[in-house]
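One-letter residues, chain by chain:
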Amino acid sequence: MVVIEFDRVSKRFGEVSALDKVSFRVGKGEIFGLLGPNGSGKSTAMRLCVGILRPDEGSVRVLGHDTKSEARLVKRLVGYSPEEPRLYDFLSGYEYLNFVSGIYGLKPEERREKIDRFVEAFGLEGKIDEEIKGYSRGMRQKVSLIAAMLHDPEVLVLDEPVAGLDPRSARIVKELLKGFKRMGRSILISTHILGVAEAICDRVALMRRGRLLVSGRMDELLKMGGLEDVFLELECKEDLREVVEALLK
Amino acid sequence: MNLRRVLSLSAIELLYSAGGSNWLLLLLVWVSASTFLLGYLIGSYYLASALALGRLYLWGFLLALATSTTYELQRISKHRYDDPVSWLPLKDEELVTSSLIHHLVTSSPIILGLFSGVLFGLSRRGIDPGLSPIFISIMLVYIYLAASLSFSFRPLIGRLAGLVRRGRPFLRFLLNLGLLVSYLIILTAGLGLLPSLGELWYIPISWPYYSLDLFLSGRHEAFLLMLSMTASLCVFTYLLSIEAYGRSKFELPPPRMPAGFWGKGPVVAIVEKDLKAFVRKPELLGYFSVPALLLFLIFAQPGSANLAFTTTLGLGIFVEMVGVSMLGLEGAGVWRLVSSPLSARQLLASKLTVPMLMGSWAMLPLVSALHIKGVMPDLRTLVVMASVIPSVSAGSVYLGFKAASYSETPYPKVVKPIPSLIAMVLGILISLLVGSPLILGLDPFLAPMASALFSLAFLFAGMKEAERLLGGYRSLGR
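Residues numbered from 1 in each chain as written. Chains lettered and ligands numbered in written order. Predicted model: local features only at pLDDT ≥ 70, side-chain atom pairs only at ≥ 80, totals over all residues. Heavy atoms only, no water.

K.L.:
What should I look at first to understand the overall build of chain B in this one?
P.N.:
In terms of helices and strands, chain B carries 20 helices and two strands. The buried share among the 478 residues of chain B stands at 50%. The long-range fraction of contacts in chain B, counting pairs at least 24 apart against all pairs at least 6 apart in sequence, stands at 81%. Roughly 21900 Å² of accessible area belongs to chain B as shown, and the carbon and sulfur atoms make up 71% of that amount. (Helix = DSSP H or I, 4+ residues; strand = E, 2+ residues; numbered from the N terminus. Buried < 20%, exposed > 50% of the residue type's maximum accessible area, 1.4 Å probe, protein only. Contact = heavy atoms within 4.5 Å. Areas by Shrake-Rupley, 256 points an atom, 1.4 Å probe, with all protein chains shown as cover.)

K.L.:
What should I look at first to understand the overall build of chain A in this one?
P.N.:
Looking only at helices and strands, chain A features ten helices and ten strands. In chain A, buried positions account for 55% of the 249 residues. Expressed as a percentage of contacts within chain A between residues at least 6 apart in sequence, the contacts between residues at least 24 apart total 66%. On chain A, roughly 11200 Å² of surface is accessible, and the fraction owed to carbon and sulfur atoms is 48%.

K.L.:
Can you help me understand the sheet that holds strand 6 (residues 78-81) of chain A in this one?
P.N.:
Strand pairs in the sheet, formed through backbone hydrogen bonds, run parallel or antiparallel to each other. Residues and elements named next belong to chain A. Strand order in the open sheet formed by six strands is 6-7-8-3-9-10, and the pairing between neighbours is mixed. The sheet is open, and its two edges are formed by strand 6 and strand 10 (211-217), each paired on a single side. Taken over all neighbouring pairs, the strand axes of this sheet differ in orientation by 15° on average, direction set aside. Across five bridges, the pairing between strand 3 (residues 31-35) and strand 8 (residues 186-191) is parallel. From the neighbouring strand, F32 faces strand 8, where its bridge partner is L188. Along the sheet, helix 6 (residues 167-182) contacts strand 3, strand 7 (155-159) and strand 8; its crossing angle with strand 8, the most-contacted strand, is approximately 150°. (Pairing = 2+ DSSP bridges. Axes fitted to C-alpha atoms, helices over the stretch in contact; angles between N-to-C directions.)

K.L.:
I keep staring at the packing of helix 13 (residues 289-300) of chain B against helix 14 (residues 307-325) of chain B and nothing clicks. Help me out?
P.N.:
How two helices sit against one another is set out by the angle between their axes and by the gap between those axes. Residues and elements named next belong to chain B. Look at helix 13 against helix 14: their axes get within 9 Å of each other, and the N-to-C directions meet at 170°. Here helix 14 runs roughly antiparallel to helix 13, going by the angle between their axes. Within the contact between the two elements, helix 13 uses V290, P291, L294 and I298 and helix 14 uses L307, T310, T311, G314, L315, F318 and M321. Classifying every residue of the contact of helix 13 with helix 14 by side-chain character gives eight nonpolar, three polar and no charged. (Parallel < 35°, antiparallel > 145°, perpendicular 65-115°, else oblique. Nonpolar A, V, L, I, M, F, W, Y, C, P; charged D, E, K, R; others polar.)

K.L.:
What is the right way to look at the nonpolar core in this model?
P.N.:
A general feature of soluble globular proteins is that nonpolar side chains tend to end up buried together. Residues F6, L34, Y96, L97, L177 and L188 of chain A together with F278 of chain B are the most contacted members of the largest nonpolar core, which totals 145 residues. Residue contacts for F278 of chain B: discarding those within four places in its chain leaves L284, L285, Y287, F288, V322, M326, L329, V354 and M358 of chain B. By size, the runner-up hydrophobic cluster in this structure holds 34 residues, among which are I110, I111, L212 and M226 of chain B. (Core = buried A, V, L, I, M, F, W, Y, C linked by side-chain atoms within 4.5 Å.)

K.L.:
How should the pairing of strand 4 (residues 57-62) of chain A be read in this particular structure?
P.N.:
On a regular strand, one side chain projects to one face of the sheet and the next to the other, so that they alternate. All names here are of chain A. Pairing of strand 1 (residues 2-13) with strand 4 involves five bridges; the strand directions are antiparallel. Bridge pairing links S10 to E57 in strand 4. Relative to strand 5 (residues 65-66), strand 4 is paired through two bridges, and the arrangement is antiparallel. Following the sheet pairing, R61 is matched in strand 5 by D66. If you look at the hairpin formed by strand 4 and strand 5, you'll find two residues sitting between the two strands, and L63 has a positive phi there, around 50°.

K.L.:
Honestly, the side chain of K273 of chain B in this entry has me stumped. Any pointers?
P.N.:
Mapped onto the secondary structure, K273 of chain B falls in helix 11 (residues 266-280). Within the structure, K273 of chain B has its side chain in polar contact with the side chain of E330 of chain B (distance 2.4 Å). (Polar contact = N/O pair within 3.5 Å; in protein donor to acceptor, adjacent residues only side chain to side chain.)

K.L.:
Help me out: how do you make sense of helix 18 (residues 417-435) of chain B in this one?
P.N.:
Counting along an α-helix, one turn takes 3.6 residues, and residues three or four places apart therefore face a common direction. Residues and elements named next belong to chain B. Here helix 18 spans 26 Å end to end across 19 residues, near enough to the 27 Å set by a 1.5 Å rise per residue. Those residues of helix 18 that sit buried are A423, G427, I430, S431, V434 and G435. End-on view of helix 18: buried residues confined to an arc of 105°, all on one side of the axis. Structural note: helix 18 exposes I418, L421 and L433 on the side pointing more than 90 degrees away from its buried face. Where helix 18 is buried, its residues touch helix 14, helix 17 (379-403), helix 19 (437-440) and helix 20 (446-470). (Expected span 1.5 Å × (residues − 1). Arc of directions from axis to C-beta.)

K.L.:
It is not clear to me how the interface of chain B and chain A should be interpreted in this structure. Could you clarify?
P.N.:
When the parts of a complex come together, some accessible area is lost, and that lost area is often taken as the interface size. The interface of chain B with chain A comprises 32 residues on the first partner and 34 residues on the second. Of the roughly 3000 Å² buried where chain B meets chain A, counting both sides, 57% is carbon and sulfur surface. Remark: the boundary between chain B and chain A carries two salt bridges. Only helix 11 and helix 15 (334-338) of chain B provide two or more residues apiece to the side of chain B that touches chain A. Per element, the largest residue contribution to the side of chain B that touches chain A is seven residues, and it comes from helix 11 of chain B. (Buried area = accessible area lost by both parts, 1.4 Å probe. Salt bridge = Lys/Arg side-chain N within 4 Å of Asp/Glu carboxyl O.)

K.L.:
Sorry if this is basic, but what is going on with the packing of helix 13 of chain B against helix 16 (residues 344-373) of chain B here?
P.N.:
Residues and elements named next belong to chain B. With their axes 10 Å apart at the nearest point, helix 13 and helix 16 run at an angle of 5° to one another. By the angle between their directions, the pair helix 13 and helix 16 is classed as roughly parallel. Of the residues in helix 16, those touching helix 13 at P291, L294, L295, I298 and F299 are A362, P365, L366, A369, L370, I372 and K373. For the contact of helix 13 with helix 16, the per-class residue count stands at eleven nonpolar, no polar and one charged.

K.L.:
Can you walk me through the confidence of the model for chain B in this structure?
P.N.:
Any region with low pLDDT has predicted coordinates that should not be read closely. All names here are of chain B. Per-chain confidence: chain B averages 75 in pLDDT, with 70% of residues scoring 70 or above. Across chain B, helix 20 holds the top mean pLDDT of 89, while helix 4 (residues 84-87) sits lowest at 56. Taken together, the chains of this predicted complex give a pTM of 0.61 and an interface ipTM of 0.80. (pLDDT = per-residue confidence, 0-100.)

K.L.:
Sorry if this is basic, but what is going on with the pattern of salt bridges here?
P.N.:
Pairing is possible between side chains that carry opposite charge, provided their charged atoms lie close to one another. All told, the structure shown has 22 salt bridges over all chains when counted by the stated rule. Across the salt bridge formed by D202 of chain A and K181 of chain A, the nearest N and O atoms sit 2.8 Å from each other. One end of the pair, D202 of chain A, is in the loop between helix 7 (194-200) and strand 9 (203-208); the other, K181 of chain A, is in helix 6, and 21 residues separate them in sequence. Assessed through its relative accessible area of 16%, D202 of chain A is described here as buried. It is possible to trace a salt-bridge network through shared partners that takes in K273, D274, E330 and K351 of chain B.

K.L.:
Just checking my understanding: could you explain empty space enclosed by the protein for this structure?
P.N.:
What the rule picks out here adds up to three cavities of 30 Å³ or more. Roughly 110 Å³ of internal volume is contained in the largest cavity. Residue lining of the largest cavity: twelve residues in total, with N98 and F99 of chain A together with A269, E272 and K276 of chain B positioned closest to the centre. Those elements giving two or more residues to the lining of the largest cavity turn out to be helix 3 (93-103) of chain A together with helix 11 of chain B. In terms of residue class, the lining of the largest cavity is built from four nonpolar, two polar and six charged. (1 Å grid on protein atoms, 1.4 Å probe; cavity = no way out; pocket = protein on both sides within 12 Å on 5 of 7 lines; lining within 4 Å. Points joined across faces, edges and corners; volume = space filled by probe spheres on them.)

So this is what it looks like as structure tokens:
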């Protein structure tokens, strides 16, 4: 069953082409990774998937719903955490999570129990009642991830989910994502940490300058000599050793 | 009928309406205090030397009807198939009685606060308010009648609303509103609120008033007759509401309102968050200086010429400042709203609520200050002042969509300078237009009409802006 479907999607910002006829599919219970350097169009793809942006050409469908015409329904089905989550600094972590629960219509009694469970798992006890403006990047990332998962979404769209996290929390996120997968949920993540992709993704797609270079099953790409080699082979046409030697001179 | 069960049910319903025990007492105190102040102003300035009792009771009865209609609307959002009352072995009369007790308890602070205020205001002017406790007890009868009559119409409204597939909550709202208007026409025999109940003896709803009148004039036989007729009316409406409940309980349940329209949904969540922003964000806290400045001006100005008008204008500016910031205060966190499953209506409703609330709150100390200063803020002035709030709120929130600055570098701006200037000019213009009856000597009821027109126009424009924002926040770029 196809859960996320990008069909020849293009998106431009003025003169800049952020995505150029990108197509891929994510199945049910699958973790799909978008890999690529900065500016390759990963975050734009994520935002298109959530319905925050509208494609100029092509279509994005989540569980069969078009993100353009049924944006509200799609937003209800998806849990999203952006790359640099800007939260409301004047709220405490708990108030923020309570606010997000309210947005998704969670019952008050359900909220407390859920928030407490996540806060404990991410080691945020003792900090959750402090104002967000005092939080580190990692703590903000944790709050944003919890907010994305609070309403039990069918699909998770996580932009660089482990960036800025301490090793323990990064491990928790990875295990949590595997758990979500076992529950039949689909996950679309973007990352430039290849180890993360190798550890949790079933399939990956490599992107560069808004184009999808290659996509395939993780085990197939690993057979080709490891993700890093494939990535570098496609990404860097020049000989990296020459670049490094030039820098060391 | 099991009395303990009835009392438990009404207590549960009471806590349900208040949103929990923590809020119940605070809510009751707040409502009583506000309505007392309003009643005091009416008693002190509005009522003529001869107390038009009938008219007063009519107002009270209409107020009670309005509150019971509101509770009826709340039922639409709160009661569902899986409510225990739908499947527990409870008798119809137990449920109806508990609901009536709940209505009496929740309506009482409004009505009693208002009437105590009126009587206090009258006595302050040296007008004998008569037997105040009896007045108030008669008012309780009116609250009861309002509640039981509202219940009686429930199946009719439920069935009419069932005729349409979409928009049932809205239709229910309109029908309840229609019911209120019908009561008004029937009760006043189409003559509006001008004649007192003394001319409407043939209408059963005037009987409680007549009982009081006959008692006070010492006609005891006639009083007993009228009292028994009043009691019969109460029993009749009670039986009618039980019958109506019996007919309505096996219908399809009323559709649930979208979360957030009423109750703890997205609208309430956003409003709570925004209110916190106003007291915690330093760049927004400064807005409270406007009402403070107005208070200072009221006391500092020698004489009181045009003071009510100036205050109205200042109130408009305060509401405009709050309204235009409503979207910009999201700052870089606006992605949260855009990525959430909000409808344009929910977004607009939440952003409109805060300036309207803050305008209403600011109005209370301003009106009190005017009163202390010796300006007579009669009902007409209050109508004009209150009319400024919705129109300026709608206009400024609409412009706030265009003026919002989400950037937090080099410092958070909330609104862009030029659109904010335009919004300020517009806010002043609307306040001038809506508030003009105060200075031009026009009919003050032109103000709500003008306000409604402005509000509607800006609401339509605001909906378009909200839809555009939720469809993709292009202004934020990549």
